[in-house]
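# Observations on chain architecture
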Amino acid sequence: MAIEEVEKAFAAIIQNRLDAKFHGELVFEPIRVEADLDLDGDLYLHSYIVFDGDREKLDPSWTATLPRFLWPHAEKLGYPGFPIQSFVSKSEWPSLEKKIACGPRILF
């Protein structure tokens, strides 16, 4: 599977999980997934989840469980490293997106 397909599939898994939890209370868009290598050389997926709405609704006890839920999905997609999620407010996204775009991108 091409890297773009993996990133799109993983973003869809995340979107489904968020929709099931928040039922439209928060808007999550875009969800940008970047493949990368961790310090051990393992492939992993870093997801930037842009949200619009009340940050207080992002319960840390729930968001902390998201990586463990996503890990088996990442492994099935060929990315055995522990997945990382960064929740980013919509107002912060434009400047962060520029930084991400300028950073190194691993091509497999």
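Residues numbered from 1 in each chain as written. Predicted model: local features only at pLDDT ≥ 70, side-chain atom pairs only at ≥ 80, totals over all residues. Heavy atoms only, no water.

Moving on, we come to the pattern of salt bridges. With the rule as written, the count across this model stands at three salt bridges. A salt bridge links Glu25 to Lys57, with the shortest nitrogen-to-oxygen separation between them at 3.5 Å. Within this pair, whereas Glu25 is found in the loop between helix H1 (3-22) and strand S1 (27-37), its partner Lys57 is found in the loop between strand S2 (43-52) and helix H2 (60-63), the two being separated by 32 residues in sequence. Take Glu25: its relative accessible area is 46%, and that puts it in the partly exposed class. The exposure class assigned to Lys57 is partly exposed, which follows from its relative accessible area of 36%. Its salt-bridge partner being Glu34, residue Arg32 comes within 2.8 Å of it at the nearest N-O pair. Looking at Arg32, the relative accessible area reads 23%, which means it is partly exposed. Here the residues in one salt-bridge network are Arg32, Glu34 and Glu97, joined through shared partners. (Salt bridge = Lys/Arg side-chain N within 4 Å of Asp/Glu carboxyl O. Helix = DSSP H or I, 4+ residues; strand = E, 2+ residues; numbered from the N terminus. Buried < 20%, exposed > 50% of the residue type's maximum accessible area, 1.4 Å probe, protein only.)

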